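The chain contents come next:
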Amino acid sequence: MPHRSRRRAPLAVVIVPLVAWCAVMGYGFFRAQLVWDPAEACGLRGQTYDPDYVAAHDPPWWAFRNPCNAGHDLVAGWVTPTAWALAVLTLLGLAVLVSARLRSWRP
């Protein structure tokens, strides 16, 4: 029985960060892209919407950002680094899984 659980361990190394990455990406995408009226969303959070600042500070493709003004963003600051860290962990877990399978493979 312990042999079977050792086989599943590398799979969990990939699945856990992948599921967490999907959750963080969904949250970031919802907060950054699916806001129909940013001015209203900023107002609901007690912030003023500065369209000139938003137009001048277009976020890069790899970052989740939806600024209201220079001091407030609708997307929390932890979302982008967490998404990238989980992506790296998922790839490392996949590398561990592949190397474990290759080491145990016998023709």
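Above this note sits the structure.
Worth saying up front: this structure is predicted, and the values here are computed from it rather than measured. What you see as residue numbers is a count from 1 along each chain, following the sequence as written. In keeping with the model being predicted, local features are shown solely for residues with a pLDDT of at least 70 and side-chain atom pairs are shown and tallied solely at 80 or more, while totals for entire chains, interfaces and linings include all residues. Water and hydrogen atoms were dropped before computing side-chain values, which therefore reflect all heavy atoms in the structure.

Pairing is possible between side chains of opposite charge, provided their charged atoms come close. Any carboxyl oxygen of Asp or Glu within 4 Å of a side-chain nitrogen of Lys or Arg constitutes a salt bridge here. The final tally for this structure, using the stated rule, is 1 salt bridge. With a shortest N-O distance of 3.1 Å, Asp73 and Arg65 are connected by a salt bridge.

With that out of the way, let us pick up the packing of aromatic side chains. Centres within 6.5 Å are what make two rings of Phe, Tyr or Trp a pair, Trp counting through its six-membered ring; a difference in plane orientation under 30 degrees is then read as stacked, over 60 as edge-to-face, and the rest as tilted. If you walk through the whole model with that rule in mind, you get 2 aromatic pairs. Their ring planes at 10 degrees and their centres at 5.6 Å tell us that Tyr27 and Trp78 sit as a pair that is stacked. Taken together, the positions of Tyr27 in helix 1 (residues 2–33) and Trp78 in the loop between strand 2 (72–73) and helix 4 (79–104) put the pair 51 residues apart, joining distant regions of the chain. The class for Trp78 is partly exposed, based on a relative accessible area of 46%. Considering the side-chain rings of Trp61 and Trp84, the 6.5 Å spacing of their centres and the 75 degrees angle between planes classify their relative orientation as edge-to-face. Residue Trp61 is found in the loop between helix 3 (51–56) and strand 1 (67–69), and its partner Trp84 is found in helix 4; the two are separated by 23 residues along the sequence. Numbering of helices and strands runs from the N terminus; a helix is a DSSP stretch of H or I covering at least four residues, while a strand is a stretch of E covering at least two. Burial classification: accessible surface area is computed with a 1.4 Å probe over protein chains only, and a residue below 20% of its type maximum counts as buried, one above 50% as exposed, and the rest as partly exposed.

For the rest of this paragraph, the subject is the nonpolar core. With 7 residues, the main nonpolar core is built from Val24, Ala32, Phe64, Val75, Val79, Ala83 and Leu86. Listing elements by their share of this core, those giving two or more residues are helix 1 and helix 4. Ranked by the residues each element gives to this core, the list is headed by helix 4, at 3 residues. Side-chain atoms within 4.5 Å are what join buried Ala, Val, Leu, Ile, Met, Phe, Trp, Tyr and Cys residues into a set we call a nonpolar core.

Function-wise, these values are silent; they only describe arrangement.
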